[in-house]
Amino acid sequence: MSVNEAYRDKHINGLRFSKWTIIKRVESSKNRERRVLCLCDCGNTNEILFKTLANKESTQCKSCSARNNKARKTHGDADRTRLYRIWQGMKARCKYKSMGATFDRYGGRGISVCSAWEEYTSFKEWAIKNNYSDTLEIDRTDSDGNYEPSNCRWVTRKENALNKRVSGKVGFRGVRMNKNKTGFEVQVSINGRSKYLGTTKTAKDGAKLYDDYVTINNLPNKLNISKEK
Ligand SMILES: [Zn+2]
């Protein structure tokens, strides 16, 4: 049954059009335009022209529509905020090969952004809940782990630098700077136990040593440089 037939037969009560639910048909105005009394999902009611429902011109009440516009406007302004730029940077490092060496240290070794954070609004929600402020930086607790709520927190620039220095982390899986900073120690975790593989001159050589060991021994560990398929 088409909506026009439904209207003629007065079988329209309870029909839904987006947020509107028709309560009842009201007397046609002089020019015989069909009008209906509708209930919006928010609880507001209004009399509207039936044709504006059928052609989707009207989908919600005025206050709902104002609220949506405001939300859209806020999001549109978002690229000027620091938090939004952090979100963009995080995604870029994990996704775009054109980022070069930066991509190699993130997306290139399998680090990704969780699906929830693909949406800026959900990242922002997490950030605010976790005391984000414009002086803090995002930090992954496990530097081999992904950008996701369980592995991220906000730290000061100082804390971030300190973490990096103390742990000797260089951004490659299994590779860290040795204590006297003369080379890079390479270790692989096998069944929860650490195995020392050697020390290399550069971090990248360390990453390669790690990857080769994992590949040759057919270990389930993720590689630093994802192999082209
Ligand atoms: Zn409404």
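Residues numbered from 1 in each chain as written. Predicted model: local features only at pLDDT ≥ 70, side-chain atom pairs only at ≥ 80, totals over all residues.

(A) Spotlight on the overall build of the protein chain. When you go through the protein chain residue by residue, the secondary structure sums to eight helices and nine strands. When each of the 229 residues of the protein chain is scored for burial, the buried share is 17%. Taking as baseline every contact in the protein chain between residues at least 6 positions apart, the subset at least 24 positions apart corresponds to 31%. (Helix = DSSP H or I, 4+ residues; strand = E, 2+ residues; numbered from the N terminus. Buried ≥ 20, exposed ≤ 12 C-beta atoms within 10 Å, placed from the backbone. Contact = placed C-beta atoms within 7 Å.)

(B) Layout of unusual backbone geometry. With a phi close to 65 degrees, Lys-56 is a non-glycine residue in the positive phi region. Classification of Lys-56 as exposed rests on a count of 9 C-beta atoms within 10 Å. The backbone of Asn-131 shows a phi angle near 60 degrees, a positive value even though the residue is not glycine. Checked against the element boundaries, Asn-131 lands in the loop between helix H6 (120–129) and strand S5 (136–140). With 9 C-beta atoms counted inside 10 Å, the residue Asn-131 sits in the exposed group.

(C) Expanded view of the sheet that holds strand S9 (residues 193–200). The strand order S7-S8-S9 describes an open sheet built from three strands, whose pairing is antiparallel. Each edge of the open sheet carries a strand with a single partner, namely strand S7 (175–177) and S9. Strand after strand, the sheet turns through a mean of 30 degrees between neighbouring axes, direction not considered. This element, helix H8 (residues 203–216), spans S7, strand S8 (184–190) and S9 of the sheet and lies at about 25 degrees to S8. (Pairing = 2+ DSSP bridges. Axes fitted to C-alpha atoms, helices over the stretch in contact; angles between N-to-C directions.)

(D) Layout of the environment of Phe-103. Tracing the chain through its elements places Phe-103 in helix H5 (residues 101–105). According to the C-beta neighbour criterion, Phe-103 is partly exposed, with 18 such atoms within 10 Å. Setting aside chain neighbours within four positions, we find Phe-103 in contact with Arg-93, Tyr-96, Lys-97 and Gly-108.

(E) Quick peek at the confidence of the model for the protein chain. The pLDDT averaged across the protein chain works out to 83; a share of 85% of its residues lies at or above 70. The least confident element of the protein chain, judged by mean pLDDT, is helix H1 (residues 3–8) at 66; the most confident is H6 at 93. (pLDDT = per-residue confidence, 0-100.)

(F) Focus on the nonpolar core. Within the largest apolar cluster, ten residues are counted, these being Phe-17, Trp-20, Ile-22, Val-36, Cys-38, Cys-40, Ile-48, Phe-50, Leu-53 and Cys-61. Those elements that provide at least two residues to this core are strand S2 (20–26), strand S3 (35–40) and helix H2 (50–54). By size, the runner-up hydrophobic cluster in this structure holds nine residues, among which are Phe-172, Val-175, Ala-207 and Leu-209. (Core = buried A, V, L, I, M, F, W, Y, C linked by C-beta atoms within 7 Å.)

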